[in-house]
Amino acid sequence: MKKSARKAIIAGNWKMNKTRPEAKTLLEDIKPLVANAEGNVEVIACVPFTNLETAVNVTAGSNIKVGAENVHFEKSGAYTGEISADMLVEVGVEYVVIGHSERRQYFGETDETVNKRTLAALEAGLKPIVCVGELKWERECNITEEVIARQIKLDLWKVSKEAIKNVVIAYEPVWAIGTGLTASPEQAQEVCAFIRKQLAKLYDEETAESVTIQYGGSMNAANAAELLAQPDIDGGLIGGASLKADAFNVIVQAAVNG
Ligand code: 13P
């Protein structure tokens, strides 16, 4: 399968930003700008839990899909502060970011919990955006591929060949997140191609070719086109630049034109 046959996906990860009125304004600004992406590039806004309902309402009837930034793996129960997959589905959420490095770094997320969340999300009908990526130190020690192979294997444990078609993988080198340090297009392509190779090992060549793999880490209006032109980079997971309608739109248009 050629890159052009895969679904290109540009997703904003708002992280812990925007109140409800601010979310409404930003989405209303983004909506007309990205309307031309329909049928060509999937546009997603992954927003804080408190903004989900607002986002679903504001984007209704548009081509913008809504995602959450995390999900718990149990269906319900005594898990104070957590949100289940069924709760997200009921609000109208379609996607969910799982295993972001900030969750791994600050909130004790492990490959085991990433895997449990991924399975729970899939079972509820959500599409997980599973994040993987090496630390700066791991890249310096030349073990990027070992780290990524391990994450892919553990995070996708027991995800069936059928289900993997609903999973998006985001390669986010931890050293590039929020630092202004972007992986070069060659570095990002190398790891995204490696991820696809791991998927081929776990599933098969055809399945691996069908999975959307995004790059994330200081992707912005200036560098998006070059990153998105790489043969194994099918989209972007955008932090800082997704908080400004114009910058986010430039990235969406780079995907539309790529
Ligand atoms: P930045 O685009 O701000 O570097 O964040 C990337 C990211 O973490 C997206 O999930």
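What comes next concerns the included structure. It should be emphasised that the depicted structure is a prediction, and the values quoted were computed from it without experimental measurement. (Residues numbered from 1 in each chain as written. Predicted model: local features only at pLDDT ≥ 70, side-chain atom pairs only at ≥ 80, totals over all residues. Heavy atoms only, no water.)

## So, the environment of Arg139
Rule in force here: By definition, any uninterrupted DSSP run of H or I lasting at least four residues is a helix, any uninterrupted run of E lasting at least two residues is a strand, and each is numbered from the N terminus. Per-residue accessibility, obtained with a 1.4 Å probe over protein chains only, is compared with the maximum for each type, and a residue is labelled buried under 20%, exposed over 50%, and partly exposed between these values. Note on contacts: a residue pair qualifies if any of its non-hydrogen atoms lie within 4.5 Å across the two residues. Polar contacts, as counted here, are pairs of nitrogen or oxygen atoms within 3.5 Å of one another; within protein the pair requires one atom able to donate a hydrogen and one able to accept it, and residues that are adjacent in sequence qualify only if both atoms are side-chain atoms.
Relative to the helices and strands, Arg139 resides in helix 6 (residues 136–140). Arg139 gets classed as partly exposed once you look at its relative accessible area, which sits at 22%. Linking Arg139 and Asn257, residues 118 residues apart in sequence, is a C-alpha distance of 32 Å. The contact partners of Arg139, leaving out residues within four places of it in the chain, are Glu134, Thr144, Tyr171, Trp175, Gln187 and Val191. Reaching out from Arg139, the side chain makes a polar contact with the side chain of Glu134 at a distance of 2.7 Å.

## A short note on the pattern of salt bridges
Cut-off, in case you're wondering: Here a salt bridge means any side-chain nitrogen of Lys or Arg lying within 4 Å of a carboxyl oxygen belonging to Asp or Glu.
All told, the structure shown has 19 salt bridges when counted by the stated rule. Lys165 is paired through a salt bridge with Glu162; the nearest N and O atoms lie 3.7 Å apart. On the basis of relative accessible area, Lys165 is assigned to the partly exposed category, the value being 44%. Look at the salt bridges and you will find they share partners, linking Arg6, Arg196, Glu209, Asp232 and Asp234 into a network.

## What to know about the environment of Asp155
Relative to the helices and strands, Asp155 resides in helix 7 (residues 144–155). According to the relative accessible area criterion, Asp155 is buried, its value standing at 0%. Residues Asp155 and Val130, spaced 25 residues apart in sequence, show a C-alpha to C-alpha distance of 7.8 Å. For Asp155, the contacting residues outside a window of four places in its chain are Arg104, Asp111, Val114, Asn115, Thr118, Val130, Cys131 and Val132. Of note is the side chain of Asp155, whose polar atom sits 2.8 Å from the side chain of Arg104.

## Examining the site of the ligand
Rules: By convention in these notes, a residue is near a molecule or strand provided one of its non-hydrogen atoms lies within 4 Å of it. Each residue gets one of three labels, nonpolar for Ala, Val, Leu, Ile, Met, Phe, Trp, Tyr, Cys and Pro, charged for Asp, Glu, Lys and Arg, and polar for the others, Gly among them.
Neighbouring the ligand are the residues Asn13, Lys15, His100, Glu172, Ala176, Ile177, Gly178, Gly217, Ser218, Leu237, Gly239 and Gly240. One of the side-chain N or O atoms of Asn13 is found 3.0 Å from an oxygen atom in the ligand. Between the ligand and the protein, one listed contact pairs an oxygen atom with a backbone N or O atom of Gly239 at 2.9 Å. Its residues assigned to classes, the shell around the ligand shows three nonpolar, seven polar and two charged.

## Comments concerning the packing of helix 1 (residues 20–34) against helix 2 (residues 52–59)
To keep things clear, this is the line we draw: All axes here are fitted lines through C-alpha atoms, helices being fitted over the stretch that makes contact, and every angle between N-to-C directions spans 0 to 180 degrees. Oblique is the label for every angle not falling under 35 degrees (roughly parallel), over 145 degrees (roughly antiparallel), or within 65 to 115 degrees (roughly perpendicular). What makes a crossing left-handed is the near helix being turned counterclockwise from the far one by less than a right angle; a clockwise turn instead makes it right-handed.
In contact at an axis separation of 9 Å, helix 1 and helix 2 are set at 30° when each is read in the N-to-C sense. With respect to their mutual orientation, helix 1 and helix 2 come out roughly parallel. By crossing handedness, the relation of helix 1 to helix 2 is classed as right-handed. Touching Arg20, Lys24, Leu27, Glu28 and Lys31 of helix 1 are Thr54, Ala55, Val58 and Thr59, all from helix 2.

## Description of helix 1
Keep this limit in mind: One fewer than the residue count of a helix, multiplied by 1.5 Å, yields its expected span. An arc is given here, and it is the one of the directions from the helix axis to the C-beta atoms.
Across its 15 residues, helix 1 extends 21 Å between first and last C-alpha, which sits within 8% of the 21 Å expected from 1.5 Å per residue. Every buried residue of helix 1 is accounted for by Ala23, Leu26, Leu27, Ile30 and Val34. For helix 1, the arc enclosing every buried residue in end-on projection is 100°, short of the 170-degree limit, so these residues lie on one face. Looking at helix 1, the residues exposed on the side facing more than 90 degrees away from the buried face are Pro21 and Pro32. In this structure, the buried residues of helix 1 make contact with strand 2 (41–46), helix 2, strand 3 (64–68) and helix 11 (245–257).

## Looking at helix 5 (residues 111–124)
In an α-helix there are 3.6 residues to a turn, and that puts residues three or four apart on one side. Over its 14 residues, helix 5 extends 20 Å from the first C-alpha to the last, a length consistent with the 20 Å expected when each residue adds 1.5 Å. Residues of helix 5 that are buried: Asp111, Thr113, Val114, Asn115, Arg117, Thr118, Ala120, Ala121 and Leu122.

## Looking at the layout of surface pockets
Note the cut-off: Using protein atoms alone on a 1 Å grid, points that fit a 1.4 Å probe yet trap it form a cavity, whereas open point sets bounded by protein on both sides within 12 Å along at least five of seven lines form a pocket; residues with an atom within 4 Å of a point count as lining. Grid points are joined across faces, edges and corners, and a volume is the space filled by probe spheres set on the points.
For the largest pocket, the calculated volume is near 540 Å³. In terms of residue count, helix 4 (residues 101–106) provides more of the lining of the largest pocket than any other element does, three residues in total. For the lining of the largest pocket, the per-class residue count stands at nine nonpolar, six polar and five charged. The space that makes up the second largest pocket amounts to roughly 280 Å³. In terms of lining residues, the second largest pocket is bounded by 15 residues, among which Arg104, Gly133, Leu135, Glu138 and Gln151 are the most central. Put simply, the parts of the chain that give the lining of the second largest pocket at least two residues each are helix 4, strand 5 (127–132) and helix 7. Grouping the amino acids of the lining of the second largest pocket by side-chain chemistry returns five nonpolar, five polar and five charged.

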